[in-house]
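Architecture and fold: a report
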Number of protein chains: 2
Amino acid sequence: MAPLDDETGRLFLHLKAAQGAARNALDDALSDLGLTSMQLIILRTIEYYPAISGAQLARDCFVTPQAMAANIAKLEAAGLIARNKGQGRILEAHLTEKGRAIFDRAGSRVQSAERYIAEALGAGTVAELDRNLRDLTDCLQKSLVVTTSRTWDTDN
Amino acid sequence: MAPLDDETGRLFLHLKAAQGAARNALDDALSDLGLTSMQLIILRTIEYYPAISGAQLARDCFVTPQAMAANIAKLEAAGLIARNKGQGRILEAHLTEKGRAIFDRAGSRVQSAERYIAEALGAGTVAELDRNLRDLTDCLQKSLVVTTSRTWDTDN
DNA sequence: ACGTGTATATCAATCAATTGATATACTATC
DNA sequence: GATAGTATATCAATTGATTGATATACACGT
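Below is a summary of the structure that appears in this document. (Residues numbered from 1 in each chain as written. Chains lettered and ligands numbered in written order. Predicted model: local features only at pLDDT ≥ 70, side-chain atom pairs only at ≥ 80, totals over all residues.)

Surveying the vicinity of DNA strand C reveals 21 residues, the closest of which are Gly54 and Ala55 of chain A together with Thr64, Gln66 and Ala67 of chain B. Top contributing element to the surface near DNA strand C by residue count: helix α4 (residues 65–77) of chain B, with four residues. In terms of residue class, the surface near DNA strand C is built from nine nonpolar, ten polar and two charged. (Near = placed C-beta within 6 Å. Helix = DSSP H or I, 4+ residues; strand = E, 2+ residues; numbered from the N terminus. Nonpolar A, V, L, I, M, F, W, Y, C, P; charged D, E, K, R; others polar.)

Laying chain B over chain A is done by rotating through 180 degrees and shifting 0.0 Å along the axis; what remains is an RMSD of 0.0 Å. One copy is carried onto the other by what is essentially a two-fold rotation axis. Minimal C-alpha separation from the rotation axis in chain B is found for leucine 129 of chain B, amounting to 3.1 Å. Here 100% of the interface residues in chain B have copies in chain A that are interface residues too; the copies meet face to matching face. (Least-squares fit on C-alpha atoms with pLDDT ≥ 70 in both. Contact = placed C-beta atoms within 7 Å.)

Before going further, it helps to examine helix α5 (residues 97–121) of chain A. Residues and elements named next belong to chain A. Here α5 spans 36 Å end to end across 25 residues, near enough to the 36 Å set by a 1.5 Å rise per residue. Among all positions of α5, only Gly99, Ile102, Phe103, Ala106, Arg109, Val110, Ala113 and Ile117 are buried. Immediately beyond the C-terminal end of α5, within one or two residues, lies glycine 122, with a positive phi of roughly 95 degrees. (Expected span 1.5 Å × (residues − 1). Buried ≥ 20, exposed ≤ 12 C-beta atoms within 10 Å, placed from the backbone.)

Turning to the protein's contact with DNA strand D, a few remarks are in order. Every one of the 21 residues lining DNA strand D counts as a neighbour, but Thr64, Gln66 and Ala67 of chain A together with Gly54 and Ala55 of chain B are closest to it. Of all the secondary structure elements, the ones that give two or more residues to the surface near DNA strand D are α4 (65–77) of chain A together with α3 (54–61) and α4 of chain B. Examining the composition of the surface near DNA strand D, we find that four residues originate from one element, α4 of chain A, more than from any other. For the surface near DNA strand D, the class distribution of residues is nine nonpolar, ten polar and two charged.

Positive phi outside glycine occurs at alanine 51 of chain A, with the angle close to 70 degrees. By the element assignment, alanine 51 of chain A lies in the loop between α2 (37–48) and α3 (54–61). On the neighbour-count criterion, alanine 51 of chain A (15 C-beta atoms within 10 Å) is partly exposed. Despite not being glycine, phenylalanine 62 of chain B shows a phi value in the positive range, around 65 degrees. Here phenylalanine 62 of chain B lies in the loop between α3 and α4. A residue is classified by how many C-beta atoms lie within 10 Å of it, and phenylalanine 62 of chain B, with 18 of them, is partly exposed.

Contacts between the two partners involve 70 residues from chain B, matched on the other side by 70 residues from chain A. For the side of chain B that touches chain A, the element with the most residues is helix α1 (residues 10–30) of chain B, which contributes 18 residues.

All right, on to the pairing of strand β2 (residues 91–95) of chain B then. Looking along a regular strand, one sees the side chains alternate between the two faces of the sheet. Residue and element names in this part refer to chain B. Looking at chain direction, strand β1 (residues 81–85) and β2 are connected through five bridges and run antiparallel. Bridge pairing in β2 links arginine 83 to alanine 93. Count of turn residues in the β1/β2 antiparallel hairpin: five residues, of which glycine 88 carries a positive phi of about 60 degrees. (Pairing = 2+ DSSP bridges.)

Moving on to the packing of α1 of chain B against helix α5 (residues 97–121) of chain B. Residue and element names in this part refer to chain B. Contact pair α1 / α5: the axes reach a minimum separation of 10 Å and the direction vectors enclose 135 degrees. Looking at the two axes, α1 sits oblique to α5. Note that α1 runs across α5; the crossing there is right-handed. Facing α1, whose interface residues are Ala25, Leu26, Ala29 and Leu30, α5 presents Ala106, Arg109, Val110 and Ala113. A per-class count over the contact of α1 with α5 returns seven nonpolar, no polar and one charged. (Axes fitted to C-alpha atoms, helices over the stretch in contact; angles between N-to-C directions. Parallel < 35°, antiparallel > 145°, perpendicular 65-115°, else oblique. Left-handed = near helix turned anticlockwise from the far one by under 90°.)

We now examine the environment of methionine 68 of chain B. Residue and element names in this part refer to chain B. Tracing the chain through its elements places methionine 68 in helix α4. Using a count of 22 C-beta atoms within 10 Å as the deciding quantity, one classes methionine 68 as buried. A C-alpha to C-alpha distance of 22 Å links methionine 68 and alanine 29, two positions 39 residues apart in sequence. With residues near it in sequence (within four places) discarded, methionine 68 still touches Gly54, Leu57, Ala58, Cys61 and Val63.

We now examine the nonpolar core. Grouped burial of nonpolar side chains is what soluble globular proteins tend to show. The biggest cluster of nonpolar side chains holds 74 residues, and the ones touching the most others in it are Leu26 of chain A together with Leu26 of chain B. Apart from residues lying up to four places away in sequence, leucine 26 of chain A is in contact with Ser37, Leu40, Val110 and Ala113 of chain A together with Phe12 of chain B. (Core = buried A, V, L, I, M, F, W, Y, C linked by C-beta atoms within 7 Å.)

In structure tokens form, the structure reads like this:
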């Protein structure tokens, strides 16, 4: 019975399924490092944007500032990141030695996973999928911003 | 600063972003019907598989049985679905008149949204995206099942 | 200099989903 | 027919994230 054939809402459902499966796979691959997929993404973002603020981190990782603050607190308590005062109220996040070491190990796991996916789907397909996902996100966010919470025909 | 250009973990991040954006868009489009995107998916699944059990519903919608039970309880309290005893412990779910009426209205909203997406990305692209998402899910789930929580090289 | 506006961080309460555990109904096996 | 196994539902506790509200730090226009 598993896979639905009906049309309506299919894309949304498959999006949810794929995201869940990817999260589970990543969490699983990282569990023995004591990292969650979310934490890895945070480390990755800090590594790419050193001295980033919590608020910006939240935006880049698609969670609320509060949720990010909780994650950051844990990573800081674990000694993987450090924070120092920056401009305004900003607390700039940086990877510590330990954080970088763990991130390097975790990163190679993720890359292995991505290679595995690339082999299964084909590298071109993955790139295409990635691009389509971004286009979809853009198009949905634009439609919301433009109409401020009144998209598509509400009159039926 | 917004869009990350780094490679590692990109697919996962874009998956999360797209799923979040789609969920928000759907929730927004359905808010005045008092329906969440999750509830719509549930109604859709019941409509397609009448007399379905809660456990099966949970599997099809990619949530735990407990989470599904909570959702079902709300839908039942709202009079959108009804349940009757079936084989075993199964409680068969059906749409009520009211449930079908609301589902029809909600469904046309979703279809409008999907048309909007199809126009933005191209119908072929959407079909392709949908297929790729399913392939990705399959490949990730298979890799987990096969190795029972020891996928990819853990030795680094 | 001063008020307005914006960005950041963080406290509090709430909500939704998860993990873990338990009871019930049926199926299959010995 | 008793026993083991499977599937369903549901209770309880926990986690993770959200919405809402508040305080601080800076930029800007007047």
